[in-house]
Amino acid sequence: LVYTEGVMENSQPRMFVLKVSALDPDMGANGEISYTLHGPDADKFHLDPRTGELFTLAVLDRETHAEFNLVAKATDGGGRSCQVDILLMIQDMNDNPPLFSSSHYEVTMFDNTTVRTPIAVIYAKDLDTGEQLLTFKNKWEIYSSVKTMH
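Quantities reported herein were computed from a predicted structural model and do not represent experimental measurements.

Colleague: Could you give me a rundown of the overall build of the chain, with the residues and numbers involved?
Modeller: The number of helices and strands found in the chain is 0 helices and 10 strands. Shown N-terminal to C-terminal, the secondary structure of the chain runs as helices and strands in the order β-β-β-β-β-β-β-β-β-β. The buried share of the chain, taken over its 150 residues, is 25%. When the accessible surface of the chain is split by element, carbon and sulfur atoms take 54% of a total near 10,500 Å².

Take a look at the structure:
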């Protein structure tokens, strides 16, 4: 069993993500379950020890971490335990501007360059992914548009 959930990047801390649950048929203290969270970056999340509810503790950035692999452990009052994997996939938000590969471009043209001749190709890169980029083109071709007068 793997709990899988998507979390929008840049969501505020203390945002509810999901709830894990375990059952114990024992009676009394031996049947009381407490939950703990383990794994790399577990410190970015809080797992309520009584309810099993998982919350964010930090603002998450997809460009830094696209997913988090955690482990929730359920322990009963008698010390017996089980664990389950949690996969959190960080969903992208369009929070980064496109960046050109250079801040300055210089192009040399000949006097006899005809109109509509490609003279430069300029590239830009955007760290974001997803549907918001479908309308963003990251390659531009520049053509000559001035006819030289003698």
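Colleague: Any chance you could break down the sheet that holds strand β6 (residues 67-76) for me, citing the residues and the numbers?
Modeller: The sheet built from 4 strands is open, its strands ordered β1-β7-β6-β3 with mixed pairing. The outermost strands of the open sheet, each flanked by one partner alone, are β1 (2-8) and β3 (33-38). The sheet shows a mean angle of 25° between the axes of neighbouring strands, direction not considered. Here β3 runs beside β6; their pairing, made up of 6 bridges, is antiparallel. Among the inter-strand pairings, His 38 is bridged to a residue of β6, identified as Val 71.

Colleague: I'd like a rundown of unusual backbone geometry, residues and numbers included.
Modeller: Residues other than glycine seldom take positive phi values, yet Asn 10 does so here, at roughly 70°. Among the structural elements, Asn 10 can be located in the loop between β1 and β2 (16-19). Of the residues examined, Asn 10 reaches a relative accessible area of 28% and is grouped as partly exposed. Notably, Arg 116 is not glycine yet its phi reads approximately 75°, a positive angle. If you trace the backbone, Arg 116 turns up in the loop between β8 (99-100) and β9 (118-125).

Colleague: How would you sum up the environment of Phe 45? Please name residues and give values.
Modeller: Within the secondary structure, Phe 45 sits in strand β4 (residues 45-47). The sequence separation of Phe 45 and Phe 16 amounts to 29 residues, and the corresponding C-alpha distance is 9.9 Å. Setting aside chain neighbours within four positions, we find Phe 45 in contact with Leu 37, Leu 54, Phe 55, Thr 56, Leu 57, Leu 60, Phe 68, Leu 70 and Leu 88.

Colleague: So what about the packing of aromatic side chains? Which residues, and what values?
Modeller: Summed over the entire model, instances satisfying the criterion amount to 2 aromatic pairs. Taking 5.8 Å as the distance between ring centres and 70° as the angle between the ring planes, the aromatic pair formed by Phe 16 and Phe 55 counts as edge-to-face. Taken as a pair, Phe 16 in strand β2 and Phe 55 in strand β5 (residues 53-56) lie far apart in primary sequence, 39 residues in all. The partly exposed category is assigned to Phe 16, whose relative accessible area is 43%.

Colleague: I'd love a proper account of the pairing of β6, names of residues and values included.
Modeller: Burial of β6 is one-sided: the residues Phe 68, Leu 70, Ala 72, Ala 74 and Asp 76 facing one way are buried, the residues Glu 67, Asn 69, Val 71, Lys 73 and Thr 75 facing the other way are not. From the end of β6 to the start of strand β7 (residues 81-91), which pair antiparallel, there are 4 residues, and Gly 79 there has a positive phi angle of about 90°.

What counts, and at which threshold
- Residues numbered from 1 in each chain as written.
- Predicted model: local features only at pLDDT ≥ 70, side-chain atom pairs only at ≥ 80, totals over all residues.
- Heavy atoms only, no water.
- Helix = DSSP H or I, 4+ residues; strand = E, 2+ residues; numbered from the N terminus.
- Buried < 20%, exposed > 50% of the residue type's maximum accessible area, 1.4 Å probe, protein only.
- Areas by Shrake-Rupley, 256 points an atom, 1.4 Å probe, with all protein chains shown as cover.
- Pairing = 2+ DSSP bridges.
- Axes fitted to C-alpha atoms, helices over the stretch in contact; angles between N-to-C directions.
- Contact = heavy atoms within 4.5 Å.
- Phe/Tyr/Trp six-rings, centres within 6.5 Å; stacked < 30°, edge-to-face > 60°.

What is shown is where atoms sit, not what they do.
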